[in-house]
Structures are given as structure tokens and as C-alpha cells.
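Examination of the molecular architecture
Residues per chain, in single letters:
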Amino acid sequence: MASALNINIKEYLKDNILYLDGGMGTLLQESGLTPGELPENWNISHPDVITKIHRDYFNAGSNVVNTNTFGASTLKFSSDELDAIIKAAVENAKRARDESNTSHPKFIALDIGPTGRMLAPYGDFDFEDAVSVFAETVKLGVKYGVDLVFIETMNDSYETKAALLAAKENCDLPVFVSNAYGEDGKLMTGANPASMVALLEGMGADAIGVNCSLGPKALSGVVKEYLTYSSLPIILKPNAGLPRSENGKTVYDVTPEEFAIEVSELIKDGVRIAGGCCGTTQSHISHLVQNSKNIQPKEIVKKDITCVSSYTHAVIFGDKPVLIGERINPTGKKRFKEALKANDIDYILKEGIAQQDSGAQILDVNVGLPEIDEVKMLTTSVCELQAITDLPLQIDTSDADAMEKALRRYNGKAMINSVNGKKESMEAVFPLAKKYGGLVVALTLDEGGIPDKAEDRLKIAENIIKEAQKYGIDKKDLIFDPLALTISADTNAAKETLHAVELINEKTGCHTSLGVSNVSFGLPEREIITSTFFTLAMQNGLSAAIMNPYSLEMMKAYRAFLALAGKDENCSNYIAFAQKLPAKVENVQSVKAPTPESTDEYRSELQKAIIKGMKDLSASITAELLKTVPPLTVVQEEIIPALNTVGVGFEKKTVYLPQLLMSAEAAKAAFECIKSTMPSEKSSDKCAFVIATVKGDIHDIGKNIVKLLLENYGFDVTDLGRDVSPEDIVKKAVELHAPIVGLSALMTTTVPAMEETIKQLRVSAPWCRVIVGGAVLNREYAESIGADKYAADAMETVRYAEEVNSLLKNK
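Let us look at the structure shown here. (Residues numbered from 1 in each chain as written. Predicted model: local features only at pLDDT ≥ 70, side-chain atom pairs only at ≥ 80, totals over all residues. Heavy atoms only, no water.)

Focus: the overall build of the chain
So the rule is basically this: Going along the chain from the N terminus, every DSSP run of H or I of four or more residues is numbered as a helix, and every run of E of two or more is numbered as a strand. For the radius of gyration, the atom set is restricted to C-alpha positions; the globular benchmark scales as 2.2 Å times the number of residues to the power 0.38. The classification of residues rests on relative accessible area computed with a 1.4 Å probe and restricted to protein chains. Under 20% of the type maximum is buried, over 50% is exposed, and intermediate values are partly exposed. It only takes one pair of heavy atoms within 4.5 Å for two residues to be counted as in contact. Computed by Shrake-Rupley with a 1.4 Å probe, the accessible areas treat only the displayed protein chains as cover when residues are assessed.
When its secondary structure is counted, the chain shows 31 helices and 25 strands. Taken against the 2.2 N^0.38 rule, which gives 28 Å for 811 residues, the C-alpha radius of gyration of the chain at 28 Å falls within 12% of a compact globule. Its C-alpha atoms put the chain at 80 × 75 × 50 Å along the principal axes. For the chain, the proportion of its 811 residues judged to be buried stands at 60%. Of the contacts made within the chain by residues no fewer than 6 positions apart, 76% connect residues no fewer than 24 positions apart. For the chain, the accessible surface area stands at approximately 31400 Å², while carbon and sulfur atoms represent 49% of it.

Quick notes on the sheet that holds strand β23 (residues 740-744)
Our working rule: Think of it this way: DSSP has to see at least two bridges between two strands before they count as a pair. Axes, fitted as lines to C-alpha atoms, cover a helix only where it is in contact. Angles between the N-to-C directions of the axes lie from 0 to 180 degrees.
Overall, parallel pairing links the five strands, which are arranged β22-β21-β23-β24-β25 in an open sheet. Looking at which strands have only one partner, the edges of the open sheet turn out to be β22 (716-719) and β25 (789-790). In the sheet, strand β21 (residues 688-693) pairs with β22 via four bridges, with the strands oriented parallel. Residue pairing for β22: F689 is matched across the bridge by V717. Relative to strand β24 (residues 769-773), helix α29 (residues 751-764) is tilted by about 175°, and along the sheet it contacts β23 and β24. Packed on one face of the sheet, helix α31 (residues 794-810) meets β21, β23, β24 and β25 and runs near 175° to β24.

Let's talk about the state of the cysteines
Definition in use: Cysteine sulfurs are considered disulfide-paired once they come within 2.5 Å of each other.
For the structure shown, the criterion picks out zero disulfides. Lacking any disulfide linkage, C277 is separated from the closest cysteine sulfur, that of C212, by 3.9 Å. By relative accessible area, which is 10% here, C277 ends up buried. With no disulfide partner, C278 has as its closest neighbouring cysteine sulfur the one in C212, 3.7 Å distant. Owing to a relative accessible area of 13%, C278 belongs among the buried residues under this scheme.

What follows is the structure, encoded as C-alpha cells:
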């Protein structure tokens, strides 16, 4: 018997396939776990059962078993209970390792699953509270001697970041991170694989990948994206296909033999860490190990991808110049300064939205004014902006404390603006970039100032690269700004900057960025100079420009360059841009951005505010409307059409869950305004809807999303909360004579409680329609447990409820 005692798992991974264990929940159900019973308690009440499951996985060939702690946190257990559960869980796994009869290396991972709570601003769970919850679990795992931390089944990038941050801050063990993707290849809150690779690699995860949700074939597309973008070992831990219920038992449709073949093919493609999730057993793992044992591990190749990310996508530097919107910056902007002093966040949000509509791909965020608390304002601005736009952000500050607070709360891999060649600057910024991840903008200046010659700026860049390496920051995470200086003071300034762009690209292999408008400072008709300089810089290899996306001349230069450089297939983007230009523009150097007011002219101000998710603005517009418009008219002609617009976008996958939720919150603010001014006015007469997360399940994200949308559409929702018994659900449905009951479950171990609830509803409330949803369900499975409807997402629930309500009205 070999253990992990003298073997480093990261060293082992360099030359070997690492095999994980399989499912736990379905095996516990087979062993007698009852509906609603907490699996983690079995570590104490049934240690022999847990130990046997772990031992059987080790004997089947697993190198790593996850402790039975998937849902173990202070949200579910008291501190003393949690300590006892994790202690017992680790002891059970260690006993299994000692008793196993195989000699391959064996490791014990602390298993950490999602909290089941939606993080603010989409829910009520603060980011730092989530970090604290995960931290308590991590510290106990370390205390009782696990070999690594395994964060899994995360379907939200922000919660994933909170868990990884907690692990990195509270242990020095290897940390593996695995996310749960839907059939659309995205997380529940919209992140694609490239964005998760950017975030997790940036924060220092040791291995990353995918688990749960789907079977091996269905996850192959996501896995291949990970292999394309990541330089880390890739994890694959799929389900045994799709579940269904047979005689009250959950079964899956991928056999151990099929599972082994399908996963082995992905190991050949480059997967380095493989196991199983829901529905997989020791037989699945044994077949996988035997089927893949002779596969030579594919070399893990360093990708050298320079990128940033938001909660939905990554922006990769290199193919086309990237546009960074400069307008969220008080320099030279009187109105913006006034907004900052007045704490007018809506003004900042409007600027962000307008720049996105104008073509910016990243937003620079600079709120530095001596008169305000920059730490608080920058953090607030970053949090508010990432709630209403999916563009990556460039955090722009010289205040290290403000930078850290903003980076900590940022939901993605940010651009960090900036560092320079001065020792004190690098000592302040590089530790933050290493901890939180980020693409660091490096200015080519040092204690001697800005060199006149391009060659000397190159020397500073090379020194910054060497210094960054001391902090573990690779040069792919540096982007150099060789500094555009005004030609009105030095006619050779532009020439030297352009040469520096060329030299840095050629000699270091790094990307470059410029604040291009500086070149024309002090000259008349500045945009003529600026746009021409921009074109020359792009021709010299400029990777990104901090610029004004409202400038017509700059956008002309950008679109024309891409078309001429062969970076605009069929010139389609140029043609679309040209078709939107005014027919004749006389003596106009700049055109204001196509803000929501001008691009969505067919929509009212309230509809636009709701669609963009601007809660405060929605409330203030509604208050004004109510002075002249009846409340019901506001609801029917403004709020509901706006919600429908966002809902259709969500169904078509052009709008992501966070946008849907922010729009719902904006609509809710409008509704609250209506209620407060006209308390006797009824905005809707739609039917009652009882909703709950079933017995034993504390995960209520999906339920809360559905509740919010249903209320906005006028339904009378009674939310019974989470971990609700079948009897309590039935009692409330009978009491209200509710025509619809919605049930949610995330875990395979709690689906039997859902099935039992449906059985009781059929007896006591036969008139009631039952709609179910959750990560472990699908349409076939829902039908097999007796549900009337399976909803894949919140909007499908709303559509079904609307159908039922219409039927009731027409009776």
C-alpha cells in the first residue's frame, strides 16, 4: 500500500494520469440514505459505509478520493458540528487508504461544493461572507490532514473565486477547481471556458476543469476549450450520462464500459485528471483505469495567451487591436468630477453602458479625486459596473489599497493599470497581481523618468519583465505602455513611441497598449492627429488602445484598419459601421456615443433602464411617470415589455443570467415605487404559485431566481424557503388552493424528496400542476418522478406559469 506521504501530487501529475473517484450521493442512497437526510452526517453515524465507499474507489484505481464533505459548511452546520464532521470525514478517508489493497499513490482531497447561495448583487450573500464560509471548511481540512483541496461543481464564477481565494489564503496545499457547465457550454451565470481559465490560472489554481451536469460526450466541447486555452492539468469528472427514475431509484444511461471509452478518448486529447461524478461507481472508475492505463499522457503545453476576462468571456490580445474605453476617468471632465463628488453611481454606469454600445471591448475605471474616498468609490464602481455590463474592466489607480480592494471584488481577470520601472511601484503592484491575477499595464518609465529614445524604453521593459518573474508573474501577463507624448512639445515624440511599440513587440514578445490621445495635446483639431497616430500605431503592432469610443474619427480609423489589414472577414464589420454613419457630416470631429437613448429610440426611458438593469434610475423614472400615467398602464406598457425583451434575449442565449437578474431587480424597484405611491392599486391578478427547495437541500439559487421573475410578472408567489418537507409544501398548496407548485433540487440525494412531494400533492392537491428544476434533473427524469413540467431555466418557468394562468382565466 502506497500513500501520499512521500509523493508530491503536482510532481506525480507531470508524468502520470491522475485518477479521481466517482459519485458518492447515489451510493449513499443505495446504502439507505433517506430523502432529506444530510449525507455529511453519515461520516459520524455510518463511518463504515463511508470508509467502504472510499476503499472501493482506491481499490478500483483511484489516486484521489474526495472526503464526504461536499455540502459541509457553517451555513448548514454549527462550528462544533462542522469540526466533528470534517474530522470524521478525513479519518474515514485515511482509514480507507490504509485498508486498501493496491499500491498506487493515494491522496485525500477536501471536497468543497457550492454554498447554494447567490452572491450579491444578484443575491443576498456578500462575497466576503462567502470567502469566510469556505475558509472555515478549508482550515478544518488542513487541521485534520488532507493532501489537497478540491473545489467542485461550481456554476458561478464569482463563488468559484470566493472558494479559491479562501483556499489560497488559508492553506499552502494544492488546489484543484472544477466547474459545472450546462448544455450551452457556459456556467449558470454565463462564464465560458476561456473566461474561467483566465480567472483560475491567474489566481494560481493547480489544476482546473469540469465536472457534473452532463456525460463525457456532452462535455467534450467544453473540455477541448480548456485544453486550447489552459497551461494547467485539465480535470474531467463527468456524470454517467443522464438520470432517470426506475422504481423509485435513480439510474444513469452511460454504462461503465461506455464511460471508460468516452473518457479515455479525452485523455488522449490531453485530459490529465479523470474520474466520475453523479451516477458513476467503482465499476466506472475500474473500467476507466483499465481502459486508459496504456495511454501516454499528452504533454501539458504552456499557451502564452495574454488575456483578461469578465464574468462571461475573455478578451484575448494579439489577433486584433483591443479598444479600451477611457471615459470613466475624471481627468478633464467637469461633469464626471461632479458625479464622483455627489456619489452619482448612475452617471458612471451610463458611461459604461454607452461605451460598450459604442464598441469598447474593455472599460478603464479611474475614480481618483483628492476630495473623495477612492478606496470605497473604486470598489463600489467596479462592483456596480460588473453587475450591468459584461465587459472586462481595467482597474486604474495609483493607490495600492484601492487597487487591492477592487481586484478582490472583481469577478474575472482584470487589467491592472499600472506599474512602472520604479522599485517601489513594482513592490506595491506585483504582489497584488500574483494573488488576484491580472494583466498588468507596465509603463516604460523609471526613477530616471521617461526616456527619449525607444531603445531605452525597451531596456525598462526588459527590467520590468525580470522583476516580475521574481514574483512568479509571467511576461504574458504584462502589457507595455511605451507612453505617447505630445508632438506639440517634441516633434519626434510620436516617432519614438511608434518605434518603441515595434521594438517591444519584436524583442520581448509582449503586447503593447497606448493612451493614444496624449499625442495631440495642445494642438487644434486634435482628432485628426490622434486618429492618424492610432492607425500608424496599429500598423506597428499595437495590441490595445485606451481611447474615446465616442470619437467618430477614431472609430473610422479602427474599422478601416481592420478591413485593410485583413482582420475583418468580408469587411462585414466595416460595412455595418459605415451603414450607421450620418449621410453627411459637416465640420464634425466627434459624435456622441450611441447611448441607450439613441440606439433604442423605440423604447421608453423606463424600458431602457430596466433592460440595462439600472435599479435606481428605474425607480426615479417610474416616480415621474406615475404623476401622469396610471399605475397599471406603467406595468403593462413599460415594465412587462421590458422584462419580455430581456427574457427573450435570455432564451436566445444573447442575455446571461446576471443581466436577467439585474433587469428583474430594476423592474422590482419600479414595482415597489408603484406600490408605495398607489398602495391600493393592484398591478396584476395572476394566480398563486407555491415554491420551495425540497427536504434536505439547502441550495436555493434557482428557486430565488424563479421567485424574483414570477413576482415581476405579477404572480402571487409564496416562498417556503429551502429544506422544506413534503408535508409542509402540500399543506400550503391546499391552504392556498394553489394551481402551481414549483420544486427545486440541486443534489441527487434530495431528488427522492422531490418525488415524494409530488406523490403527496397528487393525493391531497390533485388540481395542482407541479413544475420542477435543478442541476440534477432533465425532462425525462422529471416525467419519471411524476412532474407536469421540467423547466431548464427561470424563463421557461415563467412561460409555463403564464400558460397555466391563461387556462384558468379562460375557464
